[in-house]
Amino acid sequence: MSAVMVVHGGAWAIPHDLAEASVDGVKVAACEGFSVLQRGGSALDAVEAAVRALEDNTVFDAGHGAVLNADGEVELDAIIMDGRTLASGAVSSVNNIANPVSLARAVMEKTAHVLLTSRGANLFAESIGMATVPGDTLVTENERKAWRKNKNFATEVMEDFNCQWAHDTVGAVAVDSAGNVACATSTGGIRNKMVGRVGDSSIIGAGGYADNLIGAVSCTGHGESILKVTLARLILSHIEQGKSLADASQLSLQYMGDRVRGAGGAIAVSPSGQWAATFTTERMAWSAVDHDGLWYGLDPNERLKEQLSQ
Ligand code: GLY
């Protein structure tokens, strides 16, 4: 069984000036996750490592570089899920954790719960000695500027997610050499969202899902739409019924567009090592590493390949 790592840096109308950095960022994160798999790490370890790399990169809307809510604050959501046992952990509305994906993993491994929110999540982080950072240190100058400029447009983006203003989410899926799958998703959500708004990214079955019997999916796009169609689980249901990963993803995203007018994207892997990266927004930065090499793309139908550097 050969290991596979796939990551995305968010499905939205990525502007030209962010294109190269977005593609570079997803390639680095995919390689980071894949190196964990090569060293014998689990799919769970690999998705956490890849998402941490994306959270640390200010180009993406997660961790450092996250977008700001209506009050100009960071509120972060994340999920991680282990396809071996269906164990999952998630956090929502946390504001002083640089890598929410690792806090989500701690929720999964150290509590009897699946999702902790805001103050409770922060208290839990404190109780396990996880380092906290002042929320402001996660905010980039660009995001502060975008927040000031677009303060009054929150309603419009809810109706037109596929615009340059939207920004969105990072995620990873992996299958390890034992055939175990896992997913992780992390986000700052949507610019100028209401305080306390939680999107799809921390919600099991919506922003992500992983089951060794079917595969693993991480979603990106308009959170309210993804929640309404439980996108990750919908994609896996189509796979369960015999569709290929690419067809299942395309069909489900199309359904989300037709039924609730939502745009987005998804990455998927199967336990046998098939994978797909699909989106209905203008662009989505994605990258995959499999036995053949390093794959990546940004525009629709773009699928480029490089040899993996050793
Ligand atoms: N997809 C991320 C969000 O809507 O919050």
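Up top is the structure these notes are about.
Residues numbered from 1 in each chain as written. Predicted model: local features only at pLDDT ≥ 70, side-chain atom pairs only at ≥ 80, totals over all residues. Heavy atoms only, no water.

## Some details on the sheet that holds strand E9 (residues 264–269)
Taken in spatial order, the four strands make up an open sheet running E7-E8-E9-E10, and their pairing is antiparallel. In this open sheet, the two strands that pair with only one neighbour each are strand E7 (208–211) and strand E10 (275–279). Sheet twist, expressed as the mean angle between neighbouring strand axes with direction ignored, is 10°. Pairing between E7 and strand E8 (residues 215–221): four bridges, direction antiparallel. Its bridge partner being in E8, Ala210 is matched across the sheet by Ala216. In this fold helix H8 (residues 231–240) packs onto E7, E8 and E9, with an angle of close to 140° to the strand it touches most, E8. (Pairing = 2+ DSSP bridges. Helix = DSSP H or I, 4+ residues; strand = E, 2+ residues; numbered from the N terminus. Axes fitted to C-alpha atoms, helices over the stretch in contact; angles between N-to-C directions. Contact = heavy atoms within 4.5 Å.)

## Concerning the packing of helix H3 (residues 100–110) against helix H4 (residues 118–127)
Following both chains from N to C, one finds H3 and H4 inclined at 75°, their axes separated by 11 Å at the closest point. Taken together, H3 and H4 sit at an angle that is classed as roughly perpendicular. Only Ala121, Phe124 and Ala125 of H4 make contact with H3, whose side of the interface consists of Leu103, Ala106, Val107 and Lys110. Split by residue class, the contact of H3 with H4 holds six nonpolar, no polar and one charged. (Parallel < 35°, antiparallel > 145°, perpendicular 65-115°, else oblique. Nonpolar A, V, L, I, M, F, W, Y, C, P; charged D, E, K, R; others polar.)

## Side note on the environment of Val6
Examined against the element boundaries, Val6 turns out to sit in strand E1 (residues 4–12). Each C-alpha atom of the pair Val6 and Trp295 lies 9.0 Å from the other, and the pair is 289 residues apart in sequence. Look past the residues within four positions of Val6 in its chain and what remains in contact with it is Gly171, Ala172, Val173, Ile267, Ala268, Val269, Trp275, Ala276, Ser287 and Ala288.

## Here we look at the sheet that holds strand E3 (residues 87–94)
Taken together, nine strands build an open sheet; the order of strands is E4-E3-E2-E6-E5-E1-E11-E12-E13 and the sheet is mixed. The open sheet has two free edges, formed respectively by strand E4 (115–117) and strand E13 (304–306), since each of these has just one partner strand. Direction aside, neighbouring strands of the sheet carry axes that sit 10° apart on average. By the bridge criterion, five bridges tie E1 to strand E5 (residues 170–175) in an arrangement that is antiparallel. From the neighbouring strand, Val4 faces E5, where its bridge partner is Val175. The sheet contacts of helix H2 (residues 43–55) involve E1, strand E2 (76–82), E5 and strand E6 (181–187), and relative to E5 the element is tilted by about 155°.

Read these as geometric descriptors, not functional statements.
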